[in-house]
Structure formats: structure tokens, C-alpha cells
Amino acid sequence: METKQLKEMSKKGKRTALILIILGAAFFVIMLVLPLIAVIFRSLKDGLQLYLSAITAKNTLSAWKVTLIATAVALVVNTFFGLCASWLLTKFEFKGRQVLGTLIDIPFSISPVIAGLAFIMTFGRMGWATPLINWLNGIFGTDVQLVFSVPGVVLATIFVTFPFVSRELIPVMQAQGNSEEEAAAMMGAKGFAIFRKVTFPHIKWTLVYGMILCTARALGEFGAVYAVSKARGQTFTLTLEVDALYMSGTADSITQAFAVSSLLVLMAIVILIVKQIVEYRGASKEKA
């Protein structure tokens, strides 16, 4: 009797699991796969020639360049910041430690558009930092502007992406503890040698994973860079170029918008593949 009940419970559990799998797969296909396929299909609907002309247009190439510059700089800055902040928060005790940890999460808690507006209020024509910038430009003979320019786009991208690396590293470094570093220090190892030979091997795959997330976020940013961008063909990123093309309203421009969107879709797919490889390698190393 008990065996029969167990079999019935097992069948019900399998049916429940099957229903959940079907619902999850259906949601995934409807909300993610089909829209992405629609973007690719719509971008090629009017022929390969129009597609190639759209992705090689002057404004598109400029947007591609600005996007890559902003993403590369944000990745380098946030990787360095993430390593330093994670090391500081997990290996040292000091006053204000919790405050620093909270401040790292600010970009998660405010709208990117608000962040862009904050940069305008700080570095714009009426911003409090403008006299300092003008003074430095006068000394060095430069004409640097931090809003409505590529540097402004870079700063906005850095702001919205800087928590990603540190927030991946901090839990791993906390779980690692300090015992191995303390043992290495007692044996005479110096700070950087301890990090390179003891700490880094434990966090390298997590670091790569955080860098991938940072890159993905930088490539897809819209709100913050929209606030600090000014001229199409000069400071627009790919996301802004898509918006400009689509809002033009003509049939050709809408097709071009989907063509440029397909570049972002393809980059997202590449990043997803790299992410899966990193996760697999990281899991394999942990098992080993």
C-alpha cells in the first residue's frame, strides 16, 4: 500500500516538474527567443544590400566606435576598481566599511537617466565643476568637455556599470577568508605577491564573469548616455542610433534600426556563449 502511494506521489511529482519545465520553456521562447528572432528577420526583410548599407553607414560606424570606446574604458576602470574595492572590503577592517559597501550599490538603486542628469548638473555649463574644468583647460591649452561629448558618455557608462565586478568578487573573497593570505604573509610574502599567487587563483573565473556582466551592461546602456549625448554621428552609441533611426519613422530608417539592433543581438549572443564557457570552466575548476 505504501509502495503504491509512493509511486503515485512520484508520478505527480514528475507531472508537476514537466508542467513547470513546459511553462518555463514557453516563457523563455515567447519573451526572449521570438523577439530576438524577429529583430534578425526584420533586419533582413528588405534584402541583404540594405542591411549591409545600414550597418556600414557613417552614423552607425561612429556609434559603433563610441560604444566600443565607452565599453572598453568602463571595463578597465571597473575591473581595477572592483578588485581594489573587493580586496579592501573583504581583507581589512576599518571605519566606514559598511558605508563603502553600500555606496557601491548606488547605480543599482537610481535610474540611469537620473545619473546622466547628475553629470550634467555637475559638469555641464552651469555645473559647479565647470570653473575647475575651464581653469584646467586654460592651463593645458585643451578644450575638454565632460558632458555632451565622448568623455561624458564614458563617464556615464562607468557609473552605471561599476558595481558589477565588485559585487561578483566580494562574496567569493569573503568565503575564501584570510587564512591563506595570513600564512603567506607569515612566510615573508609581500602584498602583491600574496594577491597574485594566493588570492587571484581563487577569484580569476569570478573576475572574468564580472567583467562579462560589466561588458554586457555597458553595451546595452541607454538612459544615462542619452542624457549626456548631444550629436548623432559624434557622441551617439549603438543604442542611441537605433532609437534615432526608429524615431525617424520612414520605412527604410525603421529597417535600418532593426539592422543596427541585430548587431547588439549578435554581441549579446557572443557574450552569452562566453558567459556559459566561463561558468563551465569555473565549475570544473571547483570540482577539481
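**Some remarks on the overall build of the protein chain**
Line of reasoning, step 1. In terms of regular secondary structure, the protein chain is built from 14 helices and zero strands.
Line of reasoning, step 2. Mapped from its N terminus to its C terminus, the protein chain presents α and β elements in the order α-α-α-α-α-α-α-α-α-α-α-α-α-α.
Line of reasoning, step 3. For the protein chain, the C-alpha radius of gyration of 24 Å lies well beyond 19 Å, the compact-globule estimate for 288 residues.
Line of reasoning, step 4. C-alpha extents for the protein chain along the principal axes are approximately 80 × 60 × 30 Å.
Line of reasoning, step 5. Taking all 288 residues of the protein chain together, the buried fraction comes to 36%.
Line of reasoning, step 6. Accessible surface for the protein chain amounts to roughly 17600 Å². Of this, 70% is attributable to carbon and sulfur atoms.
Line of reasoning, step 7. Looking at the protein chain, you have 26 positive and 16 negative side-chain charges, and the mean spots of the two groups are 4 Å apart.

**As for unusual backbone geometry**
Line of reasoning, step 1. Phi is positive for phenylalanine 148, which is not a glycine, with a value near 55 degrees.
Line of reasoning, step 2. Looking at where phenylalanine 148 falls in the secondary structure, it is placed in the loop between α7 (130–140) and α8 (150–161).

**Concerning the side chain of glutamine 176**
Line of reasoning, step 1. Relative to the helices and strands, glutamine 176 resides in helix α9 (residues 163–176).
Line of reasoning, step 2. Ignoring any residue separated from it by four or fewer positions in sequence, one finds glutamine 176 in contact with Lys91, Glu181, Val198, Thr199, His202 and Ile203.

**A few points about α8**
Line of reasoning, step 1. With twelve residues, α8 ought to run about 16 Å at 1.5 Å a step, and its terminal C-alpha atoms sit 17 Å apart, in line with that.
Line of reasoning, step 2. Within α8, burial applies to Gly152, Val153, Val154, Ala156, Thr157, Ile158, Val160 and Thr161.
Line of reasoning, step 3. Those residues of α8 hidden inside the fold are in contact with α3 (58–91), α5 (106–109), α6 (112–123), α9, α11 (191–220) and α12 (223–228).

**As for the packing of helix α4 (residues 97–104) against α9**
Line of reasoning, step 1. Taken N-terminus to C-terminus, the directions of α4 and α9 make an angle of 135 degrees; their axes are 10 Å apart at the nearest point. Judged by the angle between their axes, α4 and α9 are oblique. For the pair α4 and α9, contact is made by Arg97, Gly101 and Ile104 and by Pro163, Ser166, Arg167 and Gln174, respectively.
Line of reasoning, step 2. Here the contact of α4 with α9 is built from residues that sort into two nonpolar, three polar and two charged.

How each quantity is defined
- Residues numbered from 1 in each chain as written.
- Predicted model: local features only at pLDDT ≥ 70, side-chain atom pairs only at ≥ 80, totals over all residues.
- Heavy atoms only, no water.
- Helix = DSSP H or I, 4+ residues; strand = E, 2+ residues; numbered from the N terminus.
- Rg over C-alpha atoms; globule rule 2.2 N^0.38 Å.
- Buried < 20%, exposed > 50% of the residue type's maximum accessible area, 1.4 Å probe, protein only.
- Areas by Shrake-Rupley, 256 points an atom, 1.4 Å probe, with all protein chains shown as cover.
- Lys, Arg positive; Asp, Glu negative; His and termini not counted.
- Charge placed at Lys NZ, Arg CZ, Asp CG, Glu CD.
- Contact = heavy atoms within 4.5 Å.
- Expected span 1.5 Å × (residues − 1).
- Axes fitted to C-alpha atoms, helices over the stretch in contact; angles between N-to-C directions.
- Parallel < 35°, antiparallel > 145°, perpendicular 65-115°, else oblique.
- Nonpolar A, V, L, I, M, F, W, Y, C, P; charged D, E, K, R; others polar.

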